[in-house]
Each structure stands twice: as structure tokens, then as C-alpha cells.
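Results of the structural survey
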Amino acid sequence: MMTNIRNPYKKTMVNLHEISVPDKMREKYITGIKYIDEALGGFTPGTVGIFTGAAGAGKTTMMLEVANSFGEQDIVVAFNSTEEDVRQLKLTADRLGLD
């Protein structure tokens, strides 16, 4: 006796050529921080970026600067740090003079 096995992924499979991409996702958010904009080319709305590196390399400082720049442009930012305590983030933001 043969049993038909349903493909649980059938509803999620789609041809990429059939997907429409909203114009907003083709835009790039520019930080206004020259070395970051030149290195990364901007950030795509609705995406998540993960920055890794050695301790003390400046990841938190750089991303707090980016988050602050976006906030000044009324761009909503969620900042998550797995290494830094929120009080340490506050001290770094204060040291940088960020709002």
C-alpha cells in the first residue's frame, strides 16, 4: 500500500521571478558617517545586520553612532547587544555625546 506524502513546504516554495519587491526595499539608508557609508554602501530597510569582531574593536561604538545617525533622520532602530550591559551602553553613548 502506498501513501501519498504531502510536502509541508509546498505553500512556502515560490519562484523568485514571481516575487515583487517594494520600491522602499530598493532604497538604502545612508548614515552620513563617511567611512561607514563608503564601506557598507548603506543599509536596506527592514533588514538585520550583525557585526562581529574581537573585543574592543569598536563594534558597539560604531553601531551606537549609526543608530544615533538614523534616529536623527527619524529612522526607527532596534539595538541589541549580547556582550554589553545596558548600563555600559549608556556610558558609551554618554562618552560619545549621543542623544
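In this text, all values refer to a predicted model and were calculated from it rather than measured experimentally. (Residues numbered from 1 in each chain as written. Predicted model: local features only at pLDDT ≥ 70, side-chain atom pairs only at ≥ 80, totals over all residues. Heavy atoms only, no water.)

**A few points about unusual backbone geometry**
A positive phi angle is found at Asp74, which is not glycine, with a value near 60°. Within the fold, Asp74 resides in the loop between helix H2 (59-72) and helix H3 (86-96). (Helix = DSSP H or I, 4+ residues; strand = E, 2+ residues; numbered from the N terminus.)

**Section: the side chain of Asn68**
Locating Asn68 in the fold gives a position in helix H2. Accessibility expressed as a relative area gives 14% for Asn68, which makes it buried. When residues no more than four places from it in sequence are discounted, the contact partners of Asn68 are Leu98 and Asp99. (Buried < 20%, exposed > 50% of the residue type's maximum accessible area, 1.4 Å probe, protein only. Contact = heavy atoms within 4.5 Å.)

**Regarding the nonpolar core**
Membership of the largest hydrophobic core is limited to 7 residues, which are Ile33, Ile36, Phe43, Met63, Val66, Phe70 and Ile75. Counting residues per element, this core draws most heavily on H2, at 3 residues. The contact partners of Ile36, leaving out residues within four places of it in the chain, are Thr31, Gly41, Phe43, Met62 and Val66. (Core = buried A, V, L, I, M, F, W, Y, C linked by side-chain atoms within 4.5 Å.)

**Concerning the pattern of salt bridges**
Counted according to the given criterion, the structure contains 4 salt bridges. A salt bridge links Lys34 to Glu38; its shortest N-O distance comes to 3.8 Å. Of this pair, Lys34 and Glu38 are both found in helix H1 (residues 34-40), 4 residues apart, which corresponds to roughly one turn of the helix. The same class applies to Lys34 as to Glu38, namely exposed. Between Asp85 and Arg87 there is a salt bridge; the shortest N-O distance is 2.9 Å. Residue class for Asp85 comes out partly exposed when judged on its relative accessible area of 36%. (Salt bridge = Lys/Arg side-chain N within 4 Å of Asp/Glu carboxyl O.)

**Description of the confidence of the model for the protein chain**
Per-residue confidence for the protein chain gives a mean pLDDT of 86, with 91% of residues at or over 70. Looking at the elements of the protein chain, mean pLDDT is at its lowest for H1, recorded as 90, and at its highest for H3, recorded as 93. (pLDDT = per-residue confidence, 0-100.)

**Let's talk about the side chain of Thr92**
You can see Thr92 is positioned in helix H3. On the basis of relative accessible area, Thr92 is assigned to the buried category, the value being 8%. With near-sequence residues (within four places) excluded, Thr92 lies in contact with Thr61 and Leu64.

**Observations concerning the packing of aromatic side chains**
Tallied over the entire structure, the rule returns 3 aromatic pairs. Taking the centre distance of 6.5 Å and the plane angle of 55° together, the rings of Phe43 and Phe51 count as tilted. A residue is classified by how much of its surface remains accessible, and Phe43, at 18% relative accessible area, is buried. Overall, the relative accessible area of 30% leaves Phe51 in the partly exposed class. Both rings, one in Phe43 and one in Phe70, keep their centres 5.5 Å apart while their planes meet at 90°; by these two values the pair is edge-to-face. Of this pair, Phe43 sits in the loop between H1 and H2 while Phe70 sits in helix H2, and the two are 27 residues apart along the sequence. The burial state of Phe43 is the same as that of Phe70; both residues are buried. (Phe/Tyr/Trp six-rings, centres within 6.5 Å; stacked < 30°, edge-to-face > 60°.)

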